[in-house]
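Topology and contacts: notes
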Amino acid sequence: MERPCPLLTFFCFFFFFFLPCLSCPEYQKQALLLFKSSILAISPSFNSSDDSDQLQSWNSSSSCCGWGRVECRGIPRVVIALYLTNLFTGLSPQPQVESTILAPLFHIRSLEDLDISDNNIQGEIPGVGFTNLSNLALLDMSGNNFKGSIPPQLFRLPYLRQLHLGGNSLTGKLFHDDEETEKYVISSTSKLQVLSLSGNKFSDGMLLSILCLKGLELLDLSHNDLSMEIPTEIGNYLLNISTLVLSNNRLTGGIPSSMRRLSKLELLFLGNNLLTGEIPTWLFYFKGLTALYVGGNRLIWNNSVTVEIAPNPSLRRLDLKSCGLVGEIPKWISNQTGVRFLDLSKNNLRGELPEWFVEMRFKSLILSDNEFTGSLSPRLFSKSSPVVLALSRNSFSGELPKNIGFPTFLWVLSLKENNFSGPIPLSLVQCIALRLFLALGGNKLSGGLPFNLTKLSNLERLELQDNNLTGELPNFLSRISTLQVLNLRNNSFQGSIPQSIFNLRSLRILDVSDNNLTGEIPKESDNLVGMIETPNLPSSIIQINYLGYQKWFRQVRPYYRDLVVNWKKSKQGALKLLNISGNKLSGKIPTSFGDLENIETLDLSHNKLSGSIPPALTKLQQLTILDVSNNELVGPIPDGGQMGTMVLDPNYFANNSGLCGIQIRVPCPKEQLTPPVKIEEDDHKEPWLLWESVWIGYSIGLLVAIGIMLGIGYFTLPPPFNRRLPPQRPIR
């Protein structure tokens, strides 16, 4: 009898016993396919979205261990991680997703990491379902719309180390009066190290209940509704904490002295609260401290302190905004040689920038709203190469340094409301990374715009208002396709408004008021998509490393949070504004302005515009301010639509001698009256009116035609009927 071939035996063993171990279990595959079918049921257009390819690999003919967003491990292979973030990014509008969509995932008990962030999932967190995922170590449900309290079942998962629930609408306390769960956590069996709850609606009870999580290394409760004092015993409980984020609440009182015991502290964020008292100097003595944010409170720095703050080589970020600093920049900052981010804005600092200060290598330097004087040293741009430089609302003077554009990675440059003079340096065009905004308004700059500004192809906001700039508005501005805000107000620009500026598809604010512009307003505005529809705005984001895991955070800065412009000496939080007032523009108001459906403020005042106000403006449903005063307009002011609902100030129509209407209480002659625009009612009546007009017109036209033909003798009338008829022949 022949012995079987060893090679054949090996292959049989491999195919029948080993290969199945490389595939995920069938029940896990079916659970994931059911999850995908639930997504398609919610949004059938998902397959055609830009990101649909991320789940294209999910099919019944392959192992789920080879699918995108799925990670497997072990032999036999099982699913251990699902990265299901931003599933609906390419869809507009983003669909509303119920939390029941998560039900199939609760059958995959081997899961260790689950990321379902930024999917607009609504409802309460299904706590009972999560009890099946007993191996879960990381759970990220941030950026959704979950409501209610955090289910206590999450805190009873034995291996859970990271829980991210930021950016939802959660409320309540930590354990929701579940004594059994609270005892479980207090018994120190909980392994939770990272708890991120920012951007919710938690109140005071949440912070108190968290103190029993003694193993926490990162706690983020920023952007909530905390209005209590920081617990005095916080330093006795959270002894392992390295990152503590309590900013953007309404916390009161002082900084508790017990926090001196938090020896492992690395990042401390207490900014933008209502904290009071002196800033304790011991905050600088944590050896591992890399970031200290205490600005935006009512805290006061004791300027009489003569004790020198010891150097802290670990400190990288320092925020002392609105902390009562007076006089010159404190000398002790020179010892913090590792600082790369420094915010000293909204203090009472004065004098010129010291030489030692200019030599420090800052990446972000914010000194706005102080009383600094003198000129800017060229070394500020040759040594530090900043990414963010904000020196607005000081008293700096002189010409801008010629090397101001040498830091090629500059993102934000804000020098507005100072006393800078001279031309705009040509080197600015070298800042090819300048992508957030360039703000030079409120100075005494002169000359024209550098032609090579077109190299700033990523610029989103350009503010050059309130200067002495001259020349014509250049066509090349239209090449900066990313522009959302263009503010050239109150300069000495002349010539006409280029049609090309109206081709900026991302533009949301255009202000060229108070110049010497002439000619007619460009008639075509269809390309101003930013004012016609709500565009997907690019987000300014920074990737940072937080306790060994990477997460994307939006860069929120006070100077970029809202698109705010000065209008009529007041601040309007307008997102769609068009202001061309205070020029010498002539001609008619373009009818195409009626297509700017989402425009909120339209100011055409103080020009030489003639003709009538187009009735198409009644279609602007978002319009809240319309100013056409001080022109040469005539005829009735349109009524109906938005013009009949928004509050109209008669001053917005003043000094137009030919205007009339109920808005200004000037009656119109009957021949000038125009009926109110009622688009929907007219649309319903149109078919009946058309047929009614046809029959009336046909009848009148027929009678007139017959009369004319009779008059010209077209028809010959028969002889009178008194003639005798010929005798009839008899029938044979």
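Thresholds applied
Residues numbered from 1 in each chain as written. Predicted model: local features only at pLDDT ≥ 70, side-chain atom pairs only at ≥ 80, totals over all residues. Heavy atoms only, no water. Buried < 20%, exposed > 50% of the residue type's maximum accessible area, 1.4 Å probe, protein only. Helix = DSSP H or I, 4+ residues; strand = E, 2+ residues; numbered from the N terminus. Pairing = 2+ DSSP bridges. Salt bridge = Lys/Arg side-chain N within 4 Å of Asp/Glu carboxyl O. Phe/Tyr/Trp six-rings, centres within 6.5 Å; stacked < 30°, edge-to-face > 60°. Lys NZ or Arg CZ within 6 Å of the ring centre and 35° of its normal.

Going residue by residue along strand 40 (residues 584-587), you find L585 and G587 tucked away on one face and K584 and S586 left uncovered on the opposite face. As paired strands, strand 34 (residues 516-520) and strand 40 are joined by 3 bridges and run parallel to one another. Bridging across to strand 40, G519 finds its partner in L585. Both strand 40 and strand 42 (residues 608-611) contribute to a ladder of 2 bridges, which runs parallel. When the sheet's bridge partners are listed, S586 is paired in strand 42 with K608.

As enumerated under the stated definition, the model contains 10 salt bridges in all. Residues R73 and E112 are paired through a salt bridge, measuring 2.4 Å at the closest nitrogen-oxygen approach. Here R73 is found in strand 1 (residues 70-73), whereas its partner E112 is found in the loop between strand 3 (97-98) and strand 4 (113-115), with 39 residues between them in sequence. A salt bridge links D466 to R489; the nearest nitrogen and oxygen atoms lie 3.1 Å apart. On the criterion of sequence distance, the pair formed by D466 in the loop between strand 29 (461-463) and strand 30 (468-472) and R489 in the loop between strand 31 (485-487) and strand 32 (492-495) is long-range, its members being 23 residues apart. The exposure class assigned to R489 is buried, which follows from its relative accessible area of 9%. The network of salt bridges with common partners includes K416, R461 and E463.

Time to look at the packing of aromatic side chains. If you walk through the whole model with that rule in mind, you get 12 aromatic pairs. Measuring from centroid to centroid gives 4.9 Å for F106 and F130, while their planes differ by 65 degrees, and the two rings are edge-to-face. Note that F106 is positioned in the loop between strand 3 and strand 4 and F130 in helix 3 (residues 127-130), a separation of 24 residues in sequence. Residue classification places F106 among the buried residues on the basis of a relative accessible area of 8%. Geometrically, the ring pair formed by F284 and W332 is edge-to-face, given 5.1 Å between the ring centres and 70 degrees between the ring planes. Of this pair, F284 sits in the loop between strand 14 (276-278) and strand 15 (291-293) while W332 sits in the loop between strand 18 (326-327) and strand 19 (341-343), and the two are 48 residues apart along the sequence. By relative accessible area, which is 3% here, F284 ends up buried. Within the aromatic cluster, the residues linked to one another by ring pairs are F269, Y293 and F341. Positioned over the ring face of F437 is R461, at 5.6 Å from the centre of the ring.

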